[in-house]
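# Examining the three-dimensional arrangement
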Amino acid sequence: MSDSCKKLLTILNKFEQIPDVEEFVLQTASNWNIDPETINELVLSTEEIVSNIINYGFNDVSEDREINILMMKNETKISIIIKDDGMAFNPLGKENPDSIEKPVEEREAGGLGIYFVKELMDHVDYHHEGKFNLLTIEKFITKI
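What you see as residue numbers is a count from 1 along each chain, following the sequence as written. Only residues with pLDDT of 70 or above have their local features reported here, since the model is predicted, and side-chain atom pairs are shown and tallied only from 80 upward, although totals for entire chains, interfaces and linings are computed over all residues. Side-chain calculation: all heavy atoms of the structure are included, whereas hydrogens and water are not.

## Remarks on the packing of helix 2 (residues 36-56) against helix 3 (residues 112-120)
For helices, the fitted line uses only the C-alpha atoms of the stretch in contact; every axis is such a line through C-alpha atoms, and the angle between N-to-C directions lies from 0 to 180 degrees. The numbering of helices and of strands both runs from the N terminus, where a helix is a DSSP run of H or I of at least 4 residues and a strand a run of E of at least 2. Axis separation between helix 2 and helix 3 bottoms out at 10 Å; the angle between their running directions is 150 degrees. The pairing of helix 2 with helix 3 is recorded here as roughly antiparallel in orientation. The way helix 2 lies across helix 3 gives a crossing that is left-handed. The residues of helix 3 that touch helix 2, namely those facing E41, L44, S45, E48, I49 and N52, are G113, I114, V117 and L120. The nonpolar class holds Ala, Val, Leu, Ile, Met, Phe, Trp, Tyr, Cys and Pro. Asp, Glu, Lys and Arg form the charged class, and all remaining residues, Gly among them, are polar. Partitioning the contact of helix 2 with helix 3 into residue classes produces five nonpolar, three polar and two charged. Oblique is the label for any angle not under 35 degrees, not over 145, and not in the 65 to 115 range, which are roughly parallel, roughly antiparallel and roughly perpendicular in turn. Throughout, a crossing is termed right-handed when the near helix is turned clockwise from the far one, and left-handed when it is turned anticlockwise from it by less than a right angle. Here a residue-residue contact requires only that any non-hydrogen atoms of the pair lie within 4.5 Å.

Rendered as structure tokens:
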């Protein structure tokens, strides 16, 4: 895989850096000539995951911690690997919310973001390696 098909962004665990994540995914996928719908799904999914890591992944939110977002493309798919050293948490182990069909005011809080990521992406995988969480999302490439 050539360098042009692999891009890395490192941010700190700060909500102010979410726009940097959005711009990184948008620009990288645009440069790779990915269709707008797929780009939107990649941006939304990555933003949701990174927001959850910042929100729930670290005990001490005042301590600067790195989150790495690696985007890769081959002929058939885009892969995004999000790596952090926060608390181990497998979002795939969480069941889908049973309240998805209920009106907003009747739903239990939480769980919808991961549900939407699983719905938008073609493949989602999690594993814990050493002290790192590695969440991979993949989307098959649609030809324009």
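On we go.
## Details of the sheet that holds strand 2 (residues 66-73)
The strand order 1-2-3-5-4 describes an open sheet built from five strands, whose pairing is antiparallel. Lying at the two open borders of the sheet, with one neighbouring strand each, are strand 1 (6-12) and strand 4 (123-129). Adjacent strand axes in the sheet meet at a mean angle of 15 degrees when their direction is disregarded. In this sheet, strand 5 (residues 132-140) lies alongside strand 3 (residues 77-84) in antiparallel orientation, the contact comprising eight bridges. If you follow I82 over to strand 5, its bridge partner there is L135. Paired strands, as defined in this entry, are two strands with at least two bridges between them according to DSSP.

## A closer look at the environment of I141
Mapped onto the elements of the fold, I141 is located in the segment after strand 5. In the structure, I141 is positioned 106 residues away from D35 in sequence and 8.0 Å away in space, judged by C-alpha atoms. The contacts of I141, once residues within four sequence positions are left out, are I34, K73, N74, E75, T76, K77 and I78.

## A few points about helix 2
Think of an α-helix as turning once every 3.6 residues; residues three or four places apart then point the same way. In a helix, the anticipated span is given by 1.5 Å times the number of residues less one. Along its 21 residues, helix 2 runs 30 Å from first to last C-alpha, staying within 8% of the 30 Å computed at 1.5 Å per residue. Looking only at helix 2, the buried set comprises T38, I39, E41, L42, V43, S45, T46, I49, V50, S51, I53 and I54. Contacts from the buried residues of helix 2 go to strand 1, helix 1 (18-31), strand 2, strand 3, helix 3 and strand 5. To sort residues, take the accessible area from a 1.4 Å probe on protein chains only and compare it with the maximum for the residue type: under 20% means buried, over 50% means exposed, and anything in between is partly exposed.

## Examining the side chain of E41
You can see E41 is positioned in helix 2. Within polar-contact distance, the side chain of E41 engages the side chain of K139 at 2.8 Å. Under this definition, polar contacts are N or O atom pairs within 3.5 Å; protein pairs additionally need one hydrogen-donor-capable and one acceptor-capable atom, and for neighbouring residues in sequence, both atoms have to be side-chain atoms.

## A short note on the side chain of S45
Inspection of the secondary structure assignment puts S45 in helix 2. By relative accessible area, which is 1% here, S45 ends up buried. Among all residues touching S45, those that are not within four sequence positions of it are V117, L120, M121 and I137.

## Remarks on the nonpolar core
To qualify as a nonpolar core, a set must consist of buried Ala, Val, Leu, Ile, Met, Phe, Trp, Tyr and Cys residues joined through side-chain atoms within 4.5 Å. Counting residues in each nonpolar core, the largest one holds 29 residues, and the members touching the most others are V50, I67, I69, M71, I80 and I82. Ranked by residues supplied to this core, first place goes to helix 2 with seven residues. Those residues in contact with I80, other than ones at most four positions away along the chain, are V25, L42, T46, I69, L70, M71, L135, T136 and I137.

## What about the packing of aromatic side chains?
When two rings of Phe, Tyr or Trp (its six-membered ring) have centres within 6.5 Å they constitute a pair, described as stacked for plane angles under 30 degrees, edge-to-face for angles over 60, and tilted for the intermediate range. This model, assessed by the stated rule, comprises one aromatic pair. Note on Y115 and F116: the rings are 5.4 Å apart at their centroids and 65 degrees apart in plane angle, and the pair reads as edge-to-face. Classification of Y115 as buried rests on a relative accessible area of 17%. Our definition puts a charge over a ring when NZ of Lys or CZ of Arg is within 6 Å of the ring centre and also within 35 degrees of the ring normal. Between the NZ or CZ atom of K83 and the centre of the ring of F132, over which it lies, the distance is 4.3 Å.

## Quick notes on the pattern of salt bridges
We define a salt bridge as a side-chain nitrogen of Lys or Arg found within 4 Å of a carboxyl oxygen belonging to Asp or Glu. Applying the stated rule across the entire model yields five salt bridges. Between D64 and K14 there is a salt bridge whose closest N-O contact spans 3.1 Å. Here the residue D64 occupies a position in the loop between helix 2 and strand 2, and K14 occupies one in the loop between strand 1 and helix 1, the gap between them amounting to 50 residues. The salt bridge partner of E63 is R65, with a shortest N-O separation of 3.8 Å. Judged by relative accessible area, which is 18%, R65 ranks as buried. Connected via shared salt-bridge partners are E63, R65 and D85.

Any functional reading would require information that these geometric values do not contain.
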